[in-house]
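# Structural overview
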Amino acid sequence: MSFFNRLSQLVQADAHGVVDALEDRPLLLRQHLREAEQALAAQRARQQALVDQARGLGTQAERLARDTKRLDGDLELALTSDDPKLQRHAARKLLQAQREQQEVEASLRSAEAERDQLAEVIADRETELEVLRNRVKITLASDSTEGPRPTETISDEEVELELLRRRNATAEQGDPS
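Residues numbered from 1 in each chain as written. Predicted model: local features only at pLDDT ≥ 70, side-chain atom pairs only at ≥ 80, totals over all residues. Heavy atoms only, no water.

### Things to note about the overall build of the protein chain
The helix and strand tally for the protein chain stands at four helices and zero strands. Traced from its N-terminal end to its C-terminal end, the protein chain shows the element sequence α-α-α-α. Counting the 177 residues in the protein chain, one finds 15% classified as buried. Long-range pairs, those at least 24 residues apart, make up 82% of the contacts in the protein chain between residues at least 6 apart in sequence. Total accessible area on the protein chain stands at roughly 14300 Å², and carbon and sulfur atoms take up 53% of it. (Helix = DSSP H or I, 4+ residues; strand = E, 2+ residues; numbered from the N terminus. Buried < 20%, exposed > 50% of the residue type's maximum accessible area, 1.4 Å probe, protein only. Contact = heavy atoms within 4.5 Å. Areas by Shrake-Rupley, 256 points an atom, 1.4 Å probe, with all protein chains shown as cover.)

### Some remarks on the nonpolar core
Within soluble globular proteins, side chains that are nonpolar generally end up buried alongside one another. Among the nonpolar cores identified, the biggest contains nine residues, and these are L29, L33, L40, L50, L118, I122, L129, V136 and L140. Leave out the neighbours within four places in its chain, and L118 touches Q43, R46, Q47 and L50. Formed by seven residues, the second largest nonpolar core is a distinct cluster that contains A61, L64, V104 and A111. (Core = buried A, V, L, I, M, F, W, Y, C linked by side-chain atoms within 4.5 Å.)

### Considering the environment of R70
Mapped onto the elements of the fold, R70 is located in helix α2 (residues 25-79). Put simply, R70 and L94 are 24 residues apart on the chain and 8.8 Å apart in space, counted from C-alpha to C-alpha.

### Focus: a negative patch on the surface
Side chains of D156, E157, E158 and E160 sit close together on the surface and give a patch of like negative charge. As for its position among the elements, E160 is in helix α4 (residues 156-174). (Patch = residues over 30% accessible without salt bridge, like charges linked within 9 Å, V, L, I, M, F, W, Y side chains within 5 Å. Salt bridge = Lys/Arg side-chain N within 4 Å of Asp/Glu carboxyl O. Lys, Arg positive; Asp, Glu negative; His and termini not counted. Charge placed at Lys NZ, Arg CZ, Asp CG, Glu CD.)

### Considering the confidence of the model for the protein chain
Mean pLDDT over the protein chain stands at 85; residues scoring 70 or higher make up 81%. Taken element by element, the protein chain is modelled with least confidence in helix α1 (residues 2-22), mean pLDDT 60, and with most confidence in α2, mean pLDDT 93. (pLDDT = per-residue confidence, 0-100.)

### So, a nonpolar patch on the surface
On the surface, I154, V159 and L163 cluster together to form a nonpolar patch covering roughly 260 Å² of accessible area. Among the structural elements, I154 can be located in the loop between α3 (84-145) and α4.

### Quick look at the environment of A41
If you trace the backbone, A41 turns up in helix α2. Given the relative accessible area of 41%, A41 is considered partly exposed. Put simply, A41 and I122 are 81 residues apart on the chain and 9.4 Å apart in space, counted from C-alpha to C-alpha.

### Describing the environment of E112
Of note, E112 is situated in helix α3. Using a relative accessible area of 30% as the deciding quantity, one classes E112 as partly exposed. Distance from E112 to Q53, taken between C-alpha atoms, is 9.0 Å for residues 59 residues apart in sequence.

### Description of the side chain of T68
By the secondary structure assignment, T68 is in helix α2. Once you skip the residues sitting within four places of it in the chain, T68 turns out to touch L94, A97, Q98 and Q101.

### Details of the side chain of T139
With respect to the helices and strands, the residue T139 is situated in helix α3. Given a relative accessible area of 18%, T139 falls into the buried group. In this structure, T139 is in contact with R25 and L29, ignoring residues within four places of it in sequence.

This is the structure in structure tokens:
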């Protein structure tokens, strides 16, 4: 059982090594930056949609306020008549307009609250995005100045040869003849 566990770990480690070797760090950094920019753009679009929605709800609330005021006057006028059917009709219209006005005003408050909350989130994300952009620039600049990275591991034979060269050089320096 132990043999199979070790074999499984070896295969997993080798697979992870292959994936790591295939990853292009600058490409991944640029991709993460693009994804962050796209997420921020989506949040800005949502914020603009909320601004537009609030504007429309505000206009609708103003219209309903005018209608409610007019219907209130109609109810006052209907109450001067002796017709209970007309009075109930005017009262029903007024109540319906008041209810609709309350619903629109509640939707307006909700949209404005969400818009304001989203504005704070966007401000934070913009700051984070600027920091990320700077970090990516620094990382890409440092990667380009480091020179090419070794793609192969150094073999044991190469290590032994280098050690022999150093030992010989040290021995020749120590030999006075």
